[in-house]
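Single-letter residue listing:
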Amino acid sequence: MGDDKQKVLLIDGNSIVYRAFYAMPPLTNSSGLHTNAVFGFTTMLLKVLEEEKPTHLLVAFDAGKATFRHEGYEDYKGGREKTPPELSEQFPLLKELLASFSIQQFELGGYEADDIIGTLTRLADEQGQTAVVVSGDKDMLQLASDRVTVLLTRKGVSEVERYTPEEIASRYGLTPQQIIDLKGLMGDSSDNIPGVPGVGEKTALKLLAEYGTVENVLEHMGEIKGKLGENIRSHHEDARMSKRLATIFREVPLQQTWDELRWTGYDPAELAAAFRKLEFKSLIERLDLSGATQAGGGAEGEAAHQASYETVWVAGPAEWEALNGALKRAEALVVESHGENPHQSEGIGLAIAAGERVYVVPYASLFSNEAAALRDWLADADAAITGYDLHKAELVLARSGIELRGQSFDVQLAAYLLDPTEADPSLAGLLQRMGLPSIPFDEAVFGKGAKFRVPDDEALAAHLAAKADAVRRLARPLAEELDKAGMRTLYYELEQPLAVILAGMEKQGISVRAEALEELGKEFQSGIERIMSEIYRLAGFEFNIGSPKQLGEVLFDKLGLPVIKKTKTGYSTDAEVLEKLEPYHEIVRLILHYRTLTKLQSTYIEGLLKEIRPEDGKIHTYYRQTIAATGRLSSQFPNLQNIPIRLEEGRQIRKAFVPSEPGWHIVAADYSQIELRVLAHISGDEGLKEAFRNEMDVHTKTAMDVFGVPADQVDSNMRRQAKAVNFGIVYGISDYGLSQNLNITRKEAAAFIEQYFNAFPGVRKYMDDIVAQAKQDGYVKTLLERRRYLPDIRASNFNLRSFAERTAMNTPIQGTAADIIKLAMVRMDEELRERGLKSRMLLQVHDELVFEVPPEELETMKKLVPETMARAFPLDVPLKADVNFGVNWYEAK
DNA sequence: GGATTCACG
DNA sequence: ACGTACGTGAATCCA
């Protein structure tokens with residue numbers, strides 16, 4: 001030990017990890033490993049490091065084996081629950097991370113972490129050094145002294161409380177040594193230390209205030225009156241033993257020298273790599289490690305990520321010439337644009353990585369004469385372009401009249417297939433997950449939301465170049481991962497071609513008659529006004545019906561209707577609640593109708609009107625191929641997958657969706673019961689298969705089997721209930737969910753389910769098997785090998801696990817249905833082109849395809865579309881699609 | 001920006 | 001005992 005000022009920080013590893021595990025919400029990385037305890041530990045560590053600035057540092061762990069305490073008392077820590085696997089799997093991760101922090105770790109067979117820490121604080125005391133102990137365990141307070149401070153975590157892990165001997169005295173009226181006596185008397189159920197029965201903290205403190213120590217209490221136990229005195233006298237041995245067990249052993253034979261604990265900080269590159277592995281993105285940003293890589297340091301400029309390329313800002317003839325020459329060697333393309341909606345986003349720039357150079361082209365110069373070769377390359381169907389979100393790039397470029405045709409590999413799409421639930425689609429996040437040196441996040445360069453700004457040319461060039469280089473670095477590893485996961489065909493035969501087809505549909509758009517919407521909007525408006533005044537009259541005053549808060553006050557406080565359900569913030573007023581309240585007051589029905597009409601007005605009349613492009617009178621939605629966890633598409637700006645149909649009032653909206661050419665028709669075809677047919681196929685259930693082979697009404701068939709009656713005795717109510725059971729089966733059934741849906745008791749619902757499983761034993765087996773398989777593999781698959789990871793399937797938390805189990809049952813069904821209609825779209829696109837048809841595919845709504853069709857092709861398409869859909873993927877049961885047509889989408893029913 | 005509600009499959 | 005049906009997107013209110 002030198003005489004310079006030293007401060008040693010001693011962390012009780014096990015205690016903090018436990019605290020962190022139970023304090024933090026569940027958290028897993030993309031491979032399903034739990035990381036919440038490590039994350040919580042790290043947050044605490046960073047905070048304490050910052051506040052304490054130690055010169056020496058140690059994390060102590062309990063050794064796995066029995067400690068010396070067990071020798072005298074077998075039940076020591078006997079009452080403890082076994083460590084959950086979600087926690088034990090985190091210890092190796094934590095130890096590895098601590099190594100990346102360059103922090104020493106000790107554990108020693110036969111001793112616990114607090115013994116090691118106790119020994120080191122004794123040494124610190126003796127040698128006049130300062131020590132700070134961090135733990136979640138109050139026992140540690142016995143170590144406090146003039147030189148030793150104890151920090152105890154409180155609610156959560158990152159908040160700590162400081163205990164000096166003075167603080168302990170003022171809080172408990174005890175010296176640090178008396179903390180041992182305190183526990184000797186009151187015991188500790190978590191460590192299975194008995195103490196004296198009937199003695200809790202209050203009594204123990206009273207006894208210690210009077211007698212000072214356990215020994216002195218026992219000496220005077222004869223004079224203590226009542227039940228308390230009896231208990232002490234009959235359990236005096238327990239008290240002595242408890243005190244022994246609670247005493248931290250401070251003579252552990254440690255081999256390590258003081259100097260080995262010296263800590264001079266971490267290597268940013270090493271720590272960044274460790275964080276990336278754990279996917280602690282927020283910590284990387286918090287410590288500003290995003291530039292730190294294994295190869296380089298955290299320095300600025302090119303050293304930051306050891307760029308192996310030169311950025312070329314394409315501005316003059318020389319650069320254009322170089323770029324044009326490099327196009328045939330191009331390895332990656334990035335198109336940067338404003339905003340999320342590619343149909344209205346302005347381009348910012350392009351970056352093309354080719355060999356040792358990355359060329360960055362400001363978007364405006366894409367239209368210059370020099371850019372002719374670049375435009376040709378973009379439009380070249382054989383260019384074999386690798387990029388990031390080429391679907392969006394195609395739409396952005398299309399707005400400028402530039403084609404993007406040679407798409408061959410998209411790292412965003414590939415990453416989605418590898419893990420469709422990963423929320424962060426950014427290149428920076430993707431690099432981190434793949435363990436590659438990362439680049440700045442777009443938000444760091446551009447800002448986000450209203451603060452979005454294109455930086456100066458130099459910064460823009462650097463960032464776009466980094467992105468193109470990132471695409472290039474990611475392409476091969478992602479392609480290899482796809483291969484390994486058996487998703488090569490899924491990618492190249494289905495998703496990649498589909499991306500181009502979707503862009504085509506979006507560019508085509510669908511004609512929507514503004515006048516028709518406006519006309520309908522007027523009807524809705526007069527309805528809304530009529531209902532509003534009725535509601536105000538019944539309430540006795542005007543209020544904002546659209547405010548759930550005000551509405552709740554009117555219904556439940558003013559009118560005194562019964563409260564059915566509450567939300568986090570107050571009364572629930574959703575439709576389910578209102579339907580139950582209908583009999584109580586006529587205002588309820590009006591409110592429901594008001595809700596329906598205002599929804600239609602704001603979302604569908606006003607919302608859609610805003611999206612009609614004046615240039616062509618069409619709506620161009622944006623299908624997202626990388627959002628839904630099951631493999632479905634999603635639709636945005638606007639969403640054309642949720643246009644009303646169930647209620648006649650709203651269904652009228654569909655009359656505004658018309659063909660874009662006079663005399664043409666809308667043709668719509670939808671799969672009949674695709675999910676239950678998929679279930680019949682993958683479960684192999686004979687009864688279900690037979691039902692579909694015989695073209696039976698599946699809900700009637702279900703009713704027959706569940707209620708045990710012949711077809712002619714199935715009434716509409718039985719069929720309705722059977723239909724709900726079928727929905728439940730597809731969603732991953734639970735008695736609770738079904739009972740909610742059918743408004744029956746859970747018991748009745750459970751009986752239905754049991755009946756169903758008896759009638760369709762193959763389905764029961766599928767449900768059992770798929771859950772077991774998900775538990776085994778950590779993921780489930782669709783027929784086309786699409787994957788979804790379910791990290792919570794092994795959770796000890798019932799809710800999380802149940803959710804994952806239902807997802808395991810549902811995803812192969814919903815996902816396979818999504819696979820099939822996507823295949824049908826690829827086939828339909830081929831058919832239209834091969835047959836030279838003018839008909840156009842416009843929309844996909846999960847199980848439905850919508851086309852516009854010239855009159856001379858109507859008969860052809862009425863056969864071709866359902867046939868192509870039915871043949872898209874052969875199952876053990878027939879697939880069936882129904883087709884309809886009309887002058888608008890409403891009529892095509 | 002989160003919570004609530006509701007449109008669709 | 002636990003307490004939710006599966007998957008989306010958009011509008012509105014309100015802190």
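Parameters at a glance
- Residues numbered from 1 in each chain as written.
- Chains lettered and ligands numbered in written order.
- Predicted model: local features only at pLDDT ≥ 70, side-chain atom pairs only at ≥ 80, totals over all residues.
- Heavy atoms only, no water.
- Helix = DSSP H or I, 4+ residues; strand = E, 2+ residues; numbered from the N terminus.
- Buried < 20%, exposed > 50% of the residue type's maximum accessible area, 1.4 Å probe, protein only.
- Contact = heavy atoms within 4.5 Å.
- Lys, Arg positive; Asp, Glu negative; His and termini not counted.
- Charge placed at Lys NZ, Arg CZ, Asp CG, Glu CD.
- Near = heavy atom within 4 Å.
- Polar contact = N/O pair within 3.5 Å; in protein donor to acceptor, adjacent residues only side chain to side chain.
- Nonpolar A, V, L, I, M, F, W, Y, C, P; charged D, E, K, R; others polar.
- Axes fitted to C-alpha atoms, helices over the stretch in contact; angles between N-to-C directions.
- Parallel < 35°, antiparallel > 145°, perpendicular 65-115°, else oblique.
- Left-handed = near helix turned anticlockwise from the far one by under 90°.

Student: Describe the overall build of chain A, listing the residues and the values that go with them.
Tutor: Looking only at helices and strands, chain A has 36 helices and 23 strands in total. Its C-alpha atoms give chain A principal-axis dimensions of about 105 × 80 × 60 Å. Expressed as a percentage of the 893 residues in chain A, the buried residues total 53%. The contacts of chain A with a sequence gap of at least 6 include a subset with a gap of at least 24, amounting to 66%. Distance from the positive charge centre (103 side chains) to the negative charge centre (134 side chains) of chain A: 3 Å.

Student: Go over the protein's contact with DNA strand C with me, naming the residues and quoting the values.
Tutor: The environment of DNA strand C is formed by 35 residues, the closest being Ser547, Ser634, Arg746, Phe798 and Arg806. The sugar-phosphate portion of DNA strand C accounts for 58% of its atoms within 4 Å of the protein, the bases making up the rest. Within the contact set of DNA strand C, a base nitrogen lies 3.3 Å away from a backbone nitrogen or oxygen of Ala724. At 2.9 Å, a side-chain N or O of Ser734 approaches a base nitrogen of DNA strand C. Top element by residues in the surface near DNA strand C is helix H35 (residues 798–834). It accounts for seven residues. For the surface near DNA strand C, a count of residues per class yields eleven nonpolar, 18 polar and six charged.

Student: Pulling in residues and values, what's your account of the packing of helix H28 (residues 674–683) against helix H29 (residues 686–693)?
Tutor: The axes of two packed helices give the description: the angle between them and the distance between them. Where H28 contacts H29, the axes come no closer than 8 Å and their chain directions differ by 130°. What the angle tells us is that H28 and H29 run oblique. Here H28 runs over H29; the crossing is left-handed. Across from Leu676, Arg677, Leu679 and Ala680 in H28, the residues of H29 making contact are Leu688, Lys689 and Phe692.

Student: Go over the protein's contact with DNA strand B with me, naming the residues and quoting the values.
Tutor: In the neighbourhood of DNA strand B, 22 residues make up the surrounding shell, with Ala575, Arg595, Lys599, Ile645 and Asp847 lying closest. Of all DNA strand B atoms lying within 4 Å of any protein atom, the proportion belonging to sugar or phosphate reaches 76%. Within the contact set of DNA strand B, a sugar or linking oxygen lies 3.5 Å away from a side-chain nitrogen or oxygen of Tyr604. Separating a base nitrogen of DNA strand B from a side-chain N or O atom of Arg632 is a distance of 2.9 Å. If you tally residues by element for the surface near DNA strand B, the top one is helix H26 (residues 586–611), at three residues. Of the residues belonging to the surface near DNA strand B, the class tally is seven nonpolar, eight polar and seven charged.

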